[in-house]
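Observations on chain architecture
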Amino acid sequence: MAQANPNISETRPVIRQLDDAAINRIAAGEVVERPASAVKELVENAIDAGSSRIAVDFADGGKTLIRVTDDGCGISGKDLPLALSRHATSKIDGSDLLNIHTFGFRGEALPSLGAVGRLTITSRVSGAEAASIHVAGGKTEAVKPAALRAGTVVELRDLFFATPARLKFMRTDRAEAQAITDFVKRLAMAEPAITFTLRDASGGGEGRVTFRADRENGDLFDALHARLARVIGREFAENALQIDATREGIRLYGYAALPTYSRGAAVAQYLFVNGRPVRDKMLTGALRAAYFDFLSRDRHPAAALFIDCDPTLVDVNVHPAKSEVRFRDPGVARGLIVSALRHALAEAGHRASSTVANATLGAMRPEPALPAQPAPARVYQMDRPSSAARQVAYQAQAPGFAELSQDYSGSIVEPAPVAKEEPPAQDLPLGAARGQVHENYIIAQTADGMVIVDQHAAHERLVYEKLKHQMAENGVAAQALLIPEIVELSEGDCARLMAVADDLSRLGLTLEPFGGGAIAVRETPAILGEVDARAMILDILDELADQGESQTVQARIEAILSRVACHGSIRSGRRMRAEEMNALLREMEATPHSGQCNHGRPTYVELKLADIERLFGRS
Ligand SMILES: Nc1ncnc2c1ncn2[C@@H]1O[C@H](COP(=O)(O)OP(=O)(O)OP(=O)(O)O)[C@@H](O)[C@H]1O
Ligand SMILES: [Mg+2]
């Protein structure tokens, strides 16, 4: 550099070796970003030590105090200085960085924390006396004898006192406390056999327990289910489907919620790779893709999913905080998530979420006479059709579709004759239709309760599933345009579109390059009738840009089918005869995914007799 730098003297710059304290402070910048990351490191150490109880206390959002107490294997007095030195670890021997079975392996968390805060470790291994060591701002003191029954207590005070610049970036105590809770909860989900306690000790004293999860017993799924109920909530657990699938040495297990228990943001998505909580775009993208068909874009699935595989198939050493991973073959993990979840959702068939029933009950409960508690929160929220949905709505009037849907509703009007040995309708899941109210809701009686069906939503889903089925069986009929429509695009868009032209042509949309950036649309899917080809092409391009995959084009067409189905279905306001209503119920039972309409809204709610009796104060 030609310009003189005021920080460097005129003489030639000297290269010097930084001292350990400086090196550790630099490393700490990556490992401990905020109090919650310190909590994460300490709790991970406690888990690695084989603990069965872990308690976390913090004060002022973790800024003044973080204390993690465990009953694990402990550290001997002789090893305490080593635990504080950089790149010293008991977890790997350095020969194989791909074969990692513990949370830690880099040997830098404790030295980093000791470089930026005041750290005291007190520990005891069985058969020896307890000992403690203290380090503040990188200055380590001698090991001293201490008193402790078993395990380890790591106390970190005044985090970042040695790096005031970082201190300035801390958020409010509340935000930091929230982040700590979040990390602890994520780790608690992955370790149902460990008891976790989180206490806020701001202001001194014992502190207030803000989260507690006692050890869960039982097999893998029972324990996990109970732990998820504790951490995410009972409602999630009640509406979650068990997932367990293996492909090419990768196992996926956990719980994923029914589409009717979806959220307005991606706040209830927990992913773990070999027990390690991760935030990974590829994995969340796969989760989204699996629900694509069941949720409108503004709704997000809820799930806690664990991917277990040979540690050599995944690299966790991507970032010091280890929250990112790289799969050797990302396609396998992605495909496994998409197919396992779709399969589970299909199996769940017409089951709608209990959230819906609870919300219904909440809404039905008589108003209390006295000013009382607020109404129960409605987790489930209706969504509004997107503008894209409105845009394609007119296609429902298309001639090709009209016939199809006519043909379809025909099958509802003419129910198949019921064979003698079939069980009486009342014993079937959706029961026997007893009547229709407000020209849209079918009331049916089941063995132990009643079901209210939204006939429009239900029929919409049935038409959609039928269209999809037909498409899979026969392909999509194309209809040639008399005059090909020329759509002007950029060259890049044109190339992106042509890259998926084969997929599109199987779906009845035939495109040809027309020179420059233009594309000629020669055929359109007959089912859509007269189409605004340009609008459709732009939609597909948006989707491609968004998702980057030709696979989603099929879903896109399915989404269009779904909108079409919406407009071709029995409108609310149509009176139905008893046979028609029963035929609709039977068809719902036989159709996968019929528990929610194409927008993720439920198609029916079920009220158990016991719930109804509760409403009337009879139980
Ligand atoms: N709670 C604990 N109980 C028993 N031993 C512990 C505990 N915490 C730390 N140790 C010991 O101290 C060593 C250093 O811990 P540190 O967190 O710095 O590194 P690490 O866990 O090995 O790797 P990483 O930096 O990836 O976390 C560990 O390898 C372990 O042997
Ligand atoms: Mg560690």
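Figured I'd write up the structure that's included with this text. (Residues numbered from 1 in each chain as written. Chains lettered and ligands numbered in written order. Predicted model: local features only at pLDDT ≥ 70, side-chain atom pairs only at ≥ 80, totals over all residues. Heavy atoms only, no water.)

**Some points on the overall build of the protein**
A count of helical and extended segments in the protein gives 20 helices and 23 strands. The burial tally for the protein puts 49% of its 619 residues in the buried class. In the protein, 71% of the contacts between residues at least 6 apart in sequence involve partners at least 24 apart. Carbon and sulfur atoms make up 51% of the accessible area of the protein, which amounts to about 30500 Å² in all. (Helix = DSSP H or I, 4+ residues; strand = E, 2+ residues; numbered from the N terminus. Buried < 20%, exposed > 50% of the residue type's maximum accessible area, 1.4 Å probe, protein only. Contact = heavy atoms within 4.5 Å. Areas by Shrake-Rupley, 256 points an atom, 1.4 Å probe, with all protein chains shown as cover.)

**Here's the deal with the sheet that holds strand β20 (residues 478-488)**
Pairing in this open sheet of 3 strands is antiparallel, and the strands run β20-β22-β21 from one edge to the other. The open sheet is flanked by β20 and β21 (510-513), the only strands paired with a single partner. Averaged over all pairs of adjacent strands, the angle between their axes in this sheet comes to 20°, without regard to strand direction. Sheet topology note: the β20/strand β22 (residues 518-525) ladder contains 7 bridges and is antiparallel. In the strand pairing of β22, V487 is matched with I519. (Pairing = 2+ DSSP bridges. Axes fitted to C-alpha atoms, helices over the stretch in contact; angles between N-to-C directions.)

**A closer look at the site of ligand 1**
N45, T89, S90, K91 and E108 are the nearest of the 22 residues found near ligand 1. The separation between an oxygen atom of ligand 1 and a polar main-chain atom of L110 is 2.9 Å. Across the complex, the protein chains shield 94% of the 590 Å² of accessible surface that ligand 1 would expose by itself. Mapped by element, the contributors of at least two residues to the shell around ligand 1 are α2 (35-48) and α4 (109-116). (Near = heavy atom within 4 Å. Polar contact = N/O pair within 3.5 Å; in protein donor to acceptor, adjacent residues only side chain to side chain.)

**Some remarks on the pairing of β22**
Put simply, side chains in a regular strand alternate between the two faces of the sheet. Most of β22 sits inside the fold, with 6 of its 8 residues counted as buried. Strand direction decides the pairing type here: β21 and β22, joined by 4 bridges, are antiparallel. Residue pairing for β22: P513 is matched across the bridge by I519. The antiparallel hairpin formed by β21 and β22 contains 4 residues in its connecting segment, where G515 sits at a positive phi of about 85°.

**Quick notes on the sheet that holds strand β13 (residues 276-278)**
Read across the sheet, 5 strands follow the order β10-β11-β14-β12-β13 without closing on themselves; strand pairing throughout is mixed. For this open sheet the edge positions go to β10 (240-247) and β13, each flanked by a neighbour on one side alone. On average, each strand axis in the sheet is inclined to that of its neighbour by 20°, with strand direction left out of account. Of the pairings in the sheet, the one linking strand β12 (residues 269-273) to strand β14 (residues 303-309) comprises 5 bridges and is parallel in character. Opposite Y270, over in β14, you have A304 as the bridge partner.

**Structural notes on the nonpolar core**
Counting residues in hydrophobic clusters, the biggest one holds 61 residues, and the most contacted among them are V43, I54, L119, F196 and F236. Domain assignment of the residues forming this core places at least three in each of domain 1 (20-212) and domain 2 (220-348). Dropping the residues within four chain positions of it, L119 is found in contact with L84, L110, L113, G114, I133, H134, V135, V154, E155 and L156. With 37 residues, the next largest nonpolar core counts F105, A256, A290 and I307 among its residues. (Core = buried A, V, L, I, M, F, W, Y, C linked by side-chain atoms within 4.5 Å. Domains from an automatic or database assignment.)

**A closer look at helix α1 (residues 20-31)**
Its 12 residues give α1 an end-to-end C-alpha distance of 16 Å, which sits within 8% of 16 Å, the value for a rise of 1.5 Å per residue. Turning to α1, its buried residues number three or more, namely A22, N24, A27, A28 and V31. Packed against the buried residues of α1 are α2 and α4. (Expected span 1.5 Å × (residues − 1).)

**Description of the packing of α2 against α4**
Contact geometry for α2 and α4: axes closest at 10 Å, N-to-C directions at 140°. Between α2 and α4, the interaxial angle falls into the category oblique. Crossing of α2 over α4 shows left-handed handedness. Contacts from A38, E41, L42 and N45 in α2 reach A109, L110 and L113 in α4. Broken down by class, the residue content of the contact of α2 with α4 amounts to 5 nonpolar, 1 polar and 1 charged. (Parallel < 35°, antiparallel > 145°, perpendicular 65-115°, else oblique. Left-handed = near helix turned anticlockwise from the far one by under 90°. Nonpolar A, V, L, I, M, F, W, Y, C, P; charged D, E, K, R; others polar.)

**Observations regarding the packing of aromatic side chains**
One pass over the structure, following the stated rule, counts 5 aromatic pairs. Between F221 and Y253 the ring centres are 6.1 Å apart and the planes differ by 85°, which places this aromatic pair in the edge-to-face class. Note that F221 is positioned in helix α7 (residues 220-231) and Y253 in strand β11 (residues 250-257), a separation of 32 residues in sequence. Each member of the pair F221 and Y253 is classed as buried. With a centroid separation of 4.3 Å and 5° between ring planes, the pair formed by F272 and F306 is classed as stacked. One end of the pair, F272, is in strand β12; the other, F306, is in strand β14, and 34 residues separate them in sequence. As far as burial versus exposure is concerned, F272 and F306 are alike and both buried. A connected cluster of aromatic rings, assembled from ring pairs, spans F221, Y253, Y255, F272 and F306. One cation-aromatic arrangement involves R118 over F161; the distance from NZ or CZ to the ring centre is 3.8 Å. (Phe/Tyr/Trp six-rings, centres within 6.5 Å; stacked < 30°, edge-to-face > 60°. Lys NZ or Arg CZ within 6 Å of the ring centre and 35° of its normal.)

This is a description of form; function is not addressed.
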